[in-house]
Structures are given as C-alpha cells and as structure tokens.
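A structural walkthrough
Listed here are the chains, written in short residue letters.
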Amino acid sequence: MTDDSIDCAVKILDAITKTARRLHPELGLSFGYIGNLEWGPQRDDRQWSVFSKLSTQQGATACNVKWGHYPTS
C-alpha cells in the first residue's frame, strides 16, 4: 500500500465518520489511530479505528469503544 492510497483511505473514512457523527451525535464518533510512527515504515504500529463514547456496561457513562481497527502497514 502506498502513502497516497493510505492518505486517500484516511480521507474517505474520516469523511464517512464525520457524516455519521452529524447524523448520530449521541454516539460521540471520531476517527483516528492509536500507535506511533517512529523511524519510518519499519516502526509504524498505528492502528486506524472508529471510536465512540458507547458503553459496554450498563450504567457506565464514559467508556470508549473502538471498532474496525486496521494496521497502517
């Protein structure tokens, strides 16, 4: 996968997440990554995901849930 195709995928997924966030603000959606980019492609451990403020436990109020994680590489 090239840097251009990663950039394109990121832009598309970010736009979709922003649209869903406007339609369903109660979900607290965001798109991004967890991980680091250190010393070039050999140390790229970013995992791209959609995040929400949904709770996995009844009565919990501020639990982040992520899904769709996919490594950059």
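Let us look at the structure shown here. (Residues numbered from 1 in each chain as written. Predicted model: local features only at pLDDT ≥ 70, side-chain atom pairs only at ≥ 80, totals over all residues. Heavy atoms only, no water.)

**Brief notes about the pattern of salt bridges**
On inspection of all chains with the given rule, the structure shows one salt bridge. The closest approach of N and O atoms between D14 and K18, which form a salt bridge, is 3.1 Å. Separated by four residues within a single helix, D14 and K18 lie in helix α1 (residues 3–23), roughly one turn from each other. (Salt bridge = Lys/Arg side-chain N within 4 Å of Asp/Glu carboxyl O. Helix = DSSP H or I, 4+ residues; strand = E, 2+ residues; numbered from the N terminus.)

**Focus: the side chain of T17**
On the secondary structure map, T17 appears in helix α1. In this structure the side chain of T17 is engaged in a polar contact, spanning 2.8 Å, whose partner is the backbone oxygen of L13. Non-local contacts of T17, meaning those with residues more than four positions away in its chain, are made with L29, S30, F31 and V50. (Polar contact = N/O pair within 3.5 Å; in protein donor to acceptor, adjacent residues only side chain to side chain. Contact = heavy atoms within 4.5 Å.)

**Some remarks on a nonpolar patch on the surface**
Nonpolar side chains collect at one region of the surface, where I12, L13 and I16 lie side by side and expose about 270 Å² of accessible area between them. With respect to the helices and strands, the residue I12 is situated in helix α1. (Patch = residues over 30% accessible without salt bridge, like charges linked within 9 Å, V, L, I, M, F, W, Y side chains within 5 Å. Areas by Shrake-Rupley, 256 points an atom, 1.4 Å probe, with all protein chains shown as cover.)

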